[in-house]
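As a plain string of letters, each chain reads:
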Amino acid sequence: MSNLQADSLSSEEEKTDVERNKDVAAASYLWILSLVVLYKRRDSPFIQHHSKQGAWLFVLSILLWMIPGIGHLLEFFVLGGMIIGFLNAAQGRYHDLPLIGQLAKGTLTLRDLWKMFLAFFVRAV
């Protein structure tokens, strides 16, 4: 379902979608399940919102595990994001995770994120 279709849903349809799909949206924060849910449940805007964020967390998790030392420590931030996202989805809330929500919506790119990281690193050094 496209964003235009999701925006045109009535509030009653949206409430029904959220109530019916809270559990599946919450499960989309469990690593590889995010990709399965993203592919299989395209009909629910609520599930799509959370599964896109879960997919980005999954990809970020893989990338961080490739970085020795500090990457494994940064994985705790990914785990925290997964827990927060899981709880928000289970409670039926649309909530964007910091940075991840912007990546999932497409308002932030990996290139922008890399530039932010480099700027932070340069200031820190």
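Cut-offs applied
- Residues numbered from 1 in each chain as written.
- Predicted model: local features only at pLDDT ≥ 70, side-chain atom pairs only at ≥ 80, totals over all residues.
- Heavy atoms only, no water.
- Helix = DSSP H or I, 4+ residues; strand = E, 2+ residues; numbered from the N terminus.
- Expected span 1.5 Å × (residues − 1).
- Buried < 20%, exposed > 50% of the residue type's maximum accessible area, 1.4 Å probe, protein only.
- Arc of directions from axis to C-beta.
- Contact = heavy atoms within 4.5 Å.
- Phe/Tyr/Trp six-rings, centres within 6.5 Å; stacked < 30°, edge-to-face > 60°.
- Salt bridge = Lys/Arg side-chain N within 4 Å of Asp/Glu carboxyl O.

1. Brief notes about helix H5 (residues 70-90)
And then number 1: Relative to the 30 Å expected for 21 residues at 1.5 Å per residue, H5 spans 31 Å between its end C-alpha atoms, a close match to the ideal helical length.
And then number 2: Among the residues of H5, those classed as buried are Gly-71, Glu-75, Val-78, Gly-81, Met-82, Gly-85, Asn-88 and Ala-89. Along the axis of H5, the buried residues cluster in a sector spanning 140 degrees; they form a single face. Of the exposed residues in H5, those oriented more than 90 degrees away from the buried face are Leu-73, Phe-76 and Phe-77.
And then number 3: Check the buried side of H5 and you find it contacts helix H2 (11-27) and helix H4 (45-65).
And then number 4: Backbone geometry just after H5 places Gly-92 at a positive phi near 80 degrees.

2. Focus on the packing of aromatic side chains
Note on aromatic pairs: each is described by the distance of the centres and the angle between the planes.
And then number 1: Under the criterion given, the structure shown has three aromatic pairs.
And then number 2: Aromatic pair Phe-46 and Tyr-94: ring centres 5.1 Å apart, planes at 85 degrees, arrangement edge-to-face. A residue pair is termed long-range when its members are at least 10 positions apart, and Phe-46 in helix H4 and Tyr-94 in the loop between H5 and helix H6 (100-105) qualify at 48 residues.
And then number 3: When its relative accessible area of 36% is taken as the criterion, Tyr-94 is described as partly exposed.
And then number 4: Among the aromatic side chains, those forming a connected cluster through ring pairs are Trp-114, Phe-117 and Phe-121.

3. Quick word on the environment of Val-37
And then number 1: With respect to the helices and strands, the residue Val-37 is situated in helix H3 (residues 33-40).
And then number 2: Overall, Val-37 belongs to the buried group, its relative accessible area being 9%.
And then number 3: Separated by 39 residues in the primary sequence, Val-37 and Phe-76 have C-alpha atoms spaced 23 Å apart.
And then number 4: Contact partners of Val-37, with chain neighbours within four places excluded, come to Val-24, Ser-28, Ile-47, Gln-48 and Ser-51.

4. A closer look at the side chain of His-50
And then number 1: Looking at the secondary structure, you find His-50 in helix H4.
And then number 2: If we ignore the near neighbours within four places in the chain, the residues touching His-50 are Ala-25, Ser-28, Tyr-29, Gly-85, Asn-88, Ala-89, Arg-93, Tyr-94 and His-95.

5. Observations concerning unusual backbone geometry
Residues other than glycine predominantly adopt negative phi, and peptide bonds predominantly adopt the trans conformation.
And then number 1: One non-glycine residue with positive phi stands out, namely Trp-31, at about 40 degrees.
And then number 2: Structurally, Trp-31 can be placed in the loop between H2 and H3.
And then number 3: The backbone of Leu-99 sits at a positive phi, close to 65 degrees, despite the residue not being glycine.
And then number 4: Secondary-structure assignment places Leu-99 in the loop between H5 and H6.
And then number 5: Given the relative accessible area of 35%, Leu-99 is considered partly exposed.

6. Let's talk about the pattern of salt bridges
Side-chain pairs of opposite charge can arise whenever the charged atoms involved come near each other.
And then number 1: Going through the model one piece at a time under the given rule, you end up with one salt bridge.
And then number 2: Note that Lys-105 is salt-bridged to Asp-96, the shortest N-O span being 2.6 Å.
And then number 3: You can call Lys-105 exposed: its relative accessible area is 55%.

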